[in-house]
Amino acid sequence: MKLTDEQVKKLLEYEGPIQLHQLALNLALTRFKTVHKRNPGAETVAKCTVDLNSLLEKYEKIMKEDYDWIVSL
Amino acid sequence: MLVTVDQATEYIGTGKLFHISGATSLLRRLPKGNWLGGSTEFFMDKGGGKATDQLLSLIEIPGESYRIETYGVDGISRVGKNAFANGYTILILPFDSEIHSLYAEKAAYFDDIFLNPVIGWIAADRLDKADRQSVSANGAEGEVYADKAVALHMSLPAGQSAELNMINIFEPDLDGPSILFPRDGFVVDVCLIDGKETVFADYIAETGLDTKLPLVGDYSGANINISIKEIADGKVYFYAPLSGNVQYRFAKRIDDYAEAFRAKIGDLSDTESVFTCNCILNFMYGALENEDLGTFYGPFTFGEVAWQLVNQTLVYLQIK
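Residues numbered from 1 in each chain as written. Chains lettered and ligands numbered in written order. Predicted model: local features only at pLDDT ≥ 70, side-chain atom pairs only at ≥ 80, totals over all residues. Heavy atoms only, no water.

1. Section: the sheet that holds strand 23 (residues 275–279) of chain B
All names here are of chain B.
Working step 1: Strand order in the open sheet formed by six strands is 5-4-24-23-27-13, with mixed pairing between adjacent strands. The sheet is open, and its two borders are formed by strand 5 (48–51) and strand 13 (162–167), each paired with just one other strand. On average, each strand axis in the sheet is tilted by 25 degrees relative to the strand beside it, whichever way the strands run.
Working step 2: One ladder, built from two bridges, connects strand 4 (residues 42–45) with strand 24 (residues 298–301); its direction is antiparallel. Residue pairing for strand 24: M44 is matched across the bridge by G298. (Pairing = 2+ DSSP bridges. Helix = DSSP H or I, 4+ residues; strand = E, 2+ residues; numbered from the N terminus. Axes fitted to C-alpha atoms, helices over the stretch in contact; angles between N-to-C directions.)

What follows is the structure in structure tokens.
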């Protein structure tokens, strides 16, 4: 359950209604979006990808639905 | 459960691990042992909300492999990294301290903060006491701190995991305006109300908005509350920092807080929790004294921690 930099970039720049249900993901994504807005670039996206994938890997069972939504963007 | 100092002392003597909250004067009388805690005189207990400076709330925390650590301003950024690979952290910060402000503003950006649940609360002595001293307490050290946070890092065995959830009875009023703030912070003068630059304090005065209602922010799909502390000198002060990158709306009015909580709790399939806390503003504004909220027992608090600082919510931790 791993996201690519491209998928994460899409998520960071997505401005529609967000369909995530795990609170850690909601808060982490808010942080990542803020960081990306203030410092957009490949390095920021790569760091967000690493952090996001760590969360998704650790909580694979309960975050599967949220992962599926992200990849559907 | 609510206990006297003598009873708490006996429990501590068993060597089990406890979270203990109560008036600062009572915490200071407890012996060293396997416990951590902080100041409050308001509690969720059997029969509902209680206010007392004579009793302590004692919660036994299951687990064998843990550390109780004290964090100062220099070290608090490592609270996420210091957690066990599989486990959770309970964190207590003293109200109105430098470490409280620092955590509120920066926690979301700490390394590894979201990798394990961090649940906790802001501890405060009664705010109307002239000689109040809000403290966190590290029972393992036998110390209380007005300027440091205390954390329990718990390790869970393989096959178990911790889940942190929030019960927020407030929803954004979608009939009201969208509000954006120019920068992060605890204090606001101007903001954008539906895109128009406005002095926020003036807007609240002109519209007669109920300042007991929090702002509800859209944090990437999660409703996070930011509560109003006071309006003074043309500025609005909050109990948690606003984000310049989040859209807020005022919350819809709630007529019966207890019923609203019971409705949300009734939707849960599992209400067994290791630790719970609820916002003091819900106790006060929602008249929760003696209102039963099921088996969610724990302190009423002056800010809650669900990884980062949140307001006017009930947060709870479960082991699955």
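Resuming the write-up.
2. Some remarks on helix 3 (residues 98–106) of chain B
Working step 1: Within helix 3 of chain B, burial applies to I99, H100, Y103 and A104 of chain B. Projection of helix 3 of chain B onto a plane perpendicular to its axis shows the buried side chains occupying an angular sector of 135 degrees, all on one side. (Buried < 20%, exposed > 50% of the residue type's maximum accessible area, 1.4 Å probe, protein only. Arc of directions from axis to C-beta.)

3. Quick look at the interface of chain A and chain B
Working step 1: Each partner contributes to the interface: chain A provides 20 residues, whereas chain B provides 24 residues.
Working step 2: The junction of chain A with chain B conceals about 1900 Å² of combined surface from both sides, 58% of it contributed by carbon and sulfur atoms.
Working step 3: Joining chain A to chain B, the criterion identifies one salt bridge.
Working step 4: For the pair chain A and chain B, the number of links is eleven residue pairs in polar contact (both at pLDDT 80 or more).
Working step 5: By residue number, the principal contributor to the side of chain A that touches chain B is helix 2 (residues 23–38) of chain A, which donates 13 residues.
Working step 6: The residue makeup of the side of chain A that touches chain B, split by class, is eleven nonpolar, four polar and five charged. (Contact = heavy atoms within 4.5 Å. Buried area = accessible area lost by both parts, 1.4 Å probe. Salt bridge = Lys/Arg side-chain N within 4 Å of Asp/Glu carboxyl O. Polar contact = N/O pair within 3.5 Å; in protein donor to acceptor, adjacent residues only side chain to side chain. Nonpolar A, V, L, I, M, F, W, Y, C, P; charged D, E, K, R; others polar.)

4. Digging into the domain arrangement of chain B
All names here are of chain B.
Working step 1: Assigned domains of chain B: these are domain 1 (2–166 + 259–319) and domain 2 (179–250).
Working step 2: Put simply, the middle of domain 1 and the middle of domain 2, counted by C-alpha atoms, are 27 Å apart.
Working step 3: Counting residues at the interface gives 15 residues for domain 1, matched by 13 residues for domain 2.
Working step 4: Contact between domain 1 and domain 2 buries roughly 1200 Å² in total, counting both sides, with carbon and sulfur atoms accounting for 58%.
Working step 5: When the buried area of domain 1 at its contact with domain 2 is split by residue, Y285, N311 and Q312 rank highest and sum to 40% of it.
Working step 6: Along the contact surface separating domain 1 from domain 2 lie zero salt bridges.
Working step 7: Run the count over domain 1 and domain 2 and you get five residue pairs in polar contact (both at pLDDT 80 or more).
Working step 8: Of all the secondary structure elements, the ones that give two or more residues to the side of domain 1 that touches domain 2 are helix 3, helix 6 (280–285) and strand 26 (308–310).
Working step 9: Considering each element in turn, the side of domain 1 that touches domain 2 owes the most residues, four residues, to helix 3.
Working step 10: Of the residues assigned to the side of domain 1 that touches domain 2, the class counts are seven nonpolar, six polar and two charged. (Domains from an automatic or database assignment.)

5. Remarks on the sheet that holds strand 2 (residues 18–22) of chain B
Residue and element names in this part refer to chain B.
Working step 1: Sheet architecture is open: six strands sit in the order 1-6-2-3-10-11, paired in mixed fashion. Edge positions in the sheet fall to strand 1 (2–3) and strand 11 (143–145), since each of these pairs with one other strand and no more.
Working step 2: Two elements, strand 3 (residues 35–39) and strand 10 (residues 136–138), share three bridges in a ladder whose sense is antiparallel. Opposite L36, over in strand 10, you have N138 as the bridge partner.

6. Description of the nonpolar core
Looking at soluble globular proteins, one finds that nonpolar side chains tend to be buried together.
Working step 1: Within the largest apolar cluster, 120 residues are counted, with the highest numbers of intra-cluster contacts made by Y103 and F200 of chain B.
Working step 2: In terms of residues, this core owes the most to one element, helix 2 of chain A, which gives seven residues.
Working step 3: When residues of this core are sorted by domain, at least three fall in each of domain 1 (2–166 + 259–319) and domain 2 (179–250) of chain B.
Working step 4: When neighbours within four sequence positions are excluded, Y103 of chain B is seen to be in contact with I76, V79, L91, L93, F110, I113, V118, V305, W307 and Q308 of chain B.
Working step 5: By size, the runner-up hydrophobic cluster in this structure holds 15 residues, among which are V5, F18, L58 and V135 of chain B. (Core = buried A, V, L, I, M, F, W, Y, C linked by side-chain atoms within 4.5 Å.)

7. Overview of the packing of aromatic side chains
Residues and elements named next belong to chain B.
Working step 1: By the definition in use, this model includes 15 aromatic pairs over all chains.
Working step 2: Taking the centre distance of 5.7 Å and the plane angle of 75 degrees together, the rings of Y103 and F110 count as edge-to-face.
Working step 3: Under the relative-accessibility criterion, Y103 is labelled buried at 1%.
Working step 4: Consider the rings of F200 and F238, whose centres lie 6.4 Å apart with planes at 20 degrees: the pair is stacked. Linking F200 in helix 4 (residues 200–207) with F238 in strand 21 (residues 235–242), this pair joins segments that are 38 residues apart in sequence. For the pair formed by F200 and F238, the shared burial category is buried.
Working step 5: Following the ring pairs from residue to residue traces out a cluster consisting of F181, F200, Y219, F238, Y248 and F250. (Phe/Tyr/Trp six-rings, centres within 6.5 Å; stacked < 30°, edge-to-face > 60°.)

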